[in-house]
Every structure is written in C-alpha cells, then in structure tokens.
Amino acid sequence: MRRKTRIPPSPLPQREGVDPVRVRLPVEGSWATVREHLVERLAAEAGVVEEMFDTGRVVGADGRAVAADAAYVPGMFVWFHRELRAEVPGPFPVEIVHRDEHIVVADKPHFLATTPRGSHVTQTALARLRRELDLPALGAAHRLDRLTAGLVLFTVRPEERGAYQSLFRDRLVRKEYEAVAPYAPGLALPRTVRSRIVKERGVLAAYEVPGEPNAISRVELAERADSHIGGGEHGLARYRLVPATGQTHQLRVHMNTLGVPILGDPLYPVVADPEPAGVFRRPLQLLARVLEFTDPVTGVEHRFRSGRVLEAWTSYDGWAAGQ
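Now for a description of the structure that goes with this document. (Residues numbered from 1 in each chain as written. Predicted model: local features only at pLDDT ≥ 70, side-chain atom pairs only at ≥ 80, totals over all residues. Heavy atoms only, no water.)

Things to note about the side chain of R128
Step number 1: One can find R128 in helix α3 (residues 125-133).
Step number 2: Taking the relative accessible area as the measure of exposure, R128 reaches 9% and is therefore buried.
Step number 3: In contact with R128, not counting residues within four places along its chain, are G90, F92, P93, V94, L112, T122 and Q123. (Helix = DSSP H or I, 4+ residues; strand = E, 2+ residues; numbered from the N terminus. Buried < 20%, exposed > 50% of the residue type's maximum accessible area, 1.4 Å probe, protein only. Contact = heavy atoms within 4.5 Å.)

And the structure:
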C-alpha cells in the first residue's frame, strides 16, 4: 500500500484572500534544477520564472528562498504567489444566506467565479468572502459557473471540507435551478433529459455524444410570460431545472438540446465573442435557486433558497438593453 505523501503547511500567507501556489516536484524527471522544472511546467513568458527566483519569491517548506541553481530534488515542495493582476471588481455584492461555525452559504451574483482560476483570481467569491468575513481558511465545497448566479456552499474548517464535498460527489444534495428561456408550445414538459456530455479542456462549449448517459436533468415549465414579452414568436417562460448529476454546463446544454437555450448564454447554441473585461450586461438567466442537504457534521436538515431574481423575467427590456 502506497503511503500518502504528507503535505507541509504553507510557509507563505495568503494575499488578498488567495492562497500561494504549491508545486510538488515529480518523483521522476531529468531536470537539473528546480528552476528548469518550473520554466517548463509553468510555460510562462520568457524571464518570468527567472525573475521569481532572482527576487526570492520561490520558497521551500522552511520559508527560505530557493536559489536559482538549487538542485532538483524529487518530491520536493515549493511555493510562490502568482502575479495578482488588476481585475475589474463586479458591481454586485455576495450575499450571505447562512453562516455558522461549520459552513457559509453565499448567494453568488452573475459574472463572479466561485474560486480563483485563469484570469479571475482576487475577484472571486472565495477570495472576496475570505477578506470580507475574515475567514482565511474558508474553502469551497463545490462550484458554480462564473456566469451562473445563486447558492454556493463554503466550509469554515479545512478538516471538515471533505465531508461536505462528499455530499456533492455522492449526489446527496438536492439542487434546484431556475432559468428564463423562450417558450416552446410544442415542447412537452415536464420531462427528464438524459445524455452523455463531453467537455474538453481548452474548448469553451461542451457537447453531447452517443453513449451511456452521464448527465440527467429534469425540466419543468414553471410559468409562461405574455406572448409579446421577449421578442420571440411565443415569448418567454420560466423553467424549473433539477439536475441529478453535475456535468459541466449540463443544464445549459440540455436546455439548448430541447430548443430553448437559456437567455444570455454566450456558448449555446452559438459561441459568441467574449465581452471586454468590466462589461457586466445581459447576464445568463440561470440561477441556483435551492440547496437542500443533511449536514454531515451536525445532522441538521438544511434548505436554503436564493433571494435573487432573474432580470429578464421581471424586466426584460432592461435586461435586453444591458442596463
């Protein structure tokens, strides 16, 4: 039985609610120095890694700077802070629905990533809540797409995070979403959609392929708007979506497959050009409305409900104008 590698505590503090990057050097490799490995691994612009070593920003488990010519040691851990580039803060607050000594349930706005990734680092729900609540150990139990609004569960204690993550892994959380999309009079609802969805790394849109279903969603018609609202032939409708699985973009793909793509979706049915940084208009009309589960630590039965509204349903003209 392989022994589990003990990960040393980080020798670097957080910066703006963001953890330092931790890298474990592979056990097998032909690199002569730590620097050579990081140059290859990070694929950064020329001179970036060298500058990190020159300024002492790469450190070992003892907190001391790793020299640029330090020999490569298989299994060694090193830490460094990524460059925190300026990000345009979203104009929408992260609302707190519930907070106790174990969990924080937040009502995330549109356009805010859940956790640091890619170009969204400090302006993420996790980093903002760590700063605003003064909870540096806060962790995310799951994620919502950046464009999707609604309920996200965070854990207060790192040692309990696995217990809450297992709820999502084992499908012990009931999630209910709300979406605004075109009304299709010929679409028989409610129905359960089953398909196999593939999401390739580096490809923006997911797609369906033949094979054993890995994505299951129940789609219900909640309410129909007046036919003149929405600009389409039959107007808009509000849908209740209940996913039984959690594939990337699952609800967005399934709604598009049914011929009623969610309003504001920049990927389905057609991949649109990305909006410039700092533009927050016509948000995707998808909301994680309800989160229900039995607390694995306290045994309490939780049911949380988002207080947000989908703008295209309450004020379609304002949403369409991007105001």
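Thoughts on helix α4 (residues 161-169)
Step number 1: What α4 keeps buried is the set Y164, S166, L167 and F168.
Step number 2: Looking one or two residues past α4, R171 carries a phi angle of roughly 60 degrees, positive in sign.

With respect to the packing of aromatic side chains
Step number 1: Across all of its chains, the model carries 7 aromatic pairs by this definition.
Step number 2: For the pair F92 and F111, a centre-to-centre distance of 6.4 Å together with 25 degrees between the ring planes defines the contact as stacked. One end of the pair, F92, is in the loop between β2 (77-80) and β3 (95-99); the other, F111, is in the loop between β4 (103-108) and α3, with 19 residues separating them in the sequence.
Step number 3: Where F293 meets F304, the ring centres are 6.1 Å apart and the plane angle is 50 degrees; that geometry is what we call tilted. Of this pair, F293 sits in strand β12 (residues 286-294) while F304 is found in strand β13 (residues 301-305), placing the two residues 11 residues apart along the sequence. (Phe/Tyr/Trp six-rings, centres within 6.5 Å; stacked < 30°, edge-to-face > 60°.)

Looking at unusual backbone geometry
Step number 1: The linkage connecting L189 with the following residue, P190, adopts the cis geometry, with an omega of 5 degrees.
Step number 2: Note that P190 resides in the loop between β7 (174-182) and β8 (191-198).
Step number 3: A cis amide bond, omega 10 degrees, links Y268 with the succeeding residue P269.
Step number 4: Along the chain, P269 turns up in the loop between α5 (250-257) and β12.
Step number 5: Even without being glycine, R282 reaches a positive phi, approximately 45 degrees.
Step number 6: Secondary-structure assignment places R282 in the loop between α5 and β12.
Step number 7: We classify R282 as partly exposed; its relative accessible area is 33%.

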